[in-house]
Each structure stands twice: as C-alpha cells, then as structure tokens.
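Per-entry structural report
What follows is the residue order along each chain.
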Amino acid sequence: SVIFRLNGLTQFKHPVLLITSDNKVKFSYPILNSVLRVGKIIPGEYQIKILEDENWNGRWDNGLYHIIHKQPEKVWDLNLKVNIKGDWENEFNLNLNK
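Residues numbered from 1 in each chain as written. Predicted model: local features only at pLDDT ≥ 70, side-chain atom pairs only at ≥ 80, totals over all residues. Heavy atoms only, no water.

Focus: the environment of Leu96
Mapped onto the elements of the fold, Leu96 is located in the segment after β7 (90-95). Its relative accessible area of 1% is what places Leu96 among the buried residues. Separated by 20 residues in sequence, Leu96 and Trp76 have C-alpha atoms that sit 9.5 Å apart. Residues within four places of Leu96 in sequence aside, it is in contact with Leu6, Asn7, Gly8, Leu9, Gln11, Phe12, Ile50, Leu78 and Leu80. (Helix = DSSP H or I, 4+ residues; strand = E, 2+ residues; numbered from the N terminus. Buried < 20%, exposed > 50% of the residue type's maximum accessible area, 1.4 Å probe, protein only. Contact = heavy atoms within 4.5 Å.)

So, the pattern of salt bridges
One pass over the full model with this rule turns up 1 salt bridge. Put simply, Glu91 and Arg5 hold a salt bridge, and the shortest N to O gap is 3.1 Å. One end of the pair, Glu91, is in strand β7; the other, Arg5, is in strand β1 (residues 2-7), and 86 residues separate them in sequence. Arg5 gets classed as partly exposed once you look at its relative accessible area, which sits at 32%. (Salt bridge = Lys/Arg side-chain N within 4 Å of Asp/Glu carboxyl O.)

Examining the pairing of strand β3 (residues 24-30)
Note: strand β2 (residues 15-21) against β3, 6 bridges, orientation antiparallel. Across the sheet, the residue bridging to Thr20 is Val25, located in β3. Taken together, β2 and the strand that follows it, β3, pair antiparallel across an intervening segment of 2 residues, in which Asp22 is found at a positive phi of about 55°. (Pairing = 2+ DSSP bridges.)

Some points on the sheet that holds β1
Ordered in space as β4-β1-β7, the 3 strands form an open sheet in which the pairing is mixed. Here the strands that pair on one side only, and so sit at the sheet edges, are β4 (35-38) and β7. Neighbour-to-neighbour, the strand axes of this sheet turn through a mean angle of 15°, independent of strand direction. Both β1 and β7 contribute to a ladder of 6 bridges, which runs parallel. Its bridge partner lying in β7, Leu6 is registered against Leu94. (Axes fitted to C-alpha atoms, helices over the stretch in contact; angles between N-to-C directions.)

Here's what the structure looks like:
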C-alpha cells in the first residue's frame, strides 16, 4: 500500500495524480484531499505527474483546437520519482510546485 501526503494542491484545478513509468500512465487517482491512500501498486520506480482535469473525467483529454479552439488539459511533470517497495507500507511527502 502507498500513502501520499500532498502539499501545494491549491495551485492545481481538479488535480489527478498520475503515476507513470516509461512515459506511460500506470495508475491515476483523483486527488480529493491532501492525503491519498492507494491500495495495491506493483513495486517499482515511478515518476509523479499532476493532471489538471478540467472536465472531471479522470483522464487526459487532448483538446479539439482545430474544431472549437479547446486546448489540451495540462499535465505537470513534477520531476518527482518514488520507489515503491513490495510488502512495505510506503509513505511519501510530496511538495507540489508548478
């Protein structure tokens, strides 16, 4: 299991925590408060990103600029890496900055 303690959430609009590996989203979780508990994640090293989910659907939307001039949703690469270990209670304090 993993516990993320998140500081600096107020600067993001409808944040979703993206847990990525090899530039692919492995897990995503809407952030509703400053403590996020995640049940099971495959052990490994992951990079943390934040999605500003404008339409609340829980995933990144690429926009429709050529049709209605809607920009893609923003994803912030925080340059944060976490190493999740098996059979441990993993806890991370993350300071989020754009």
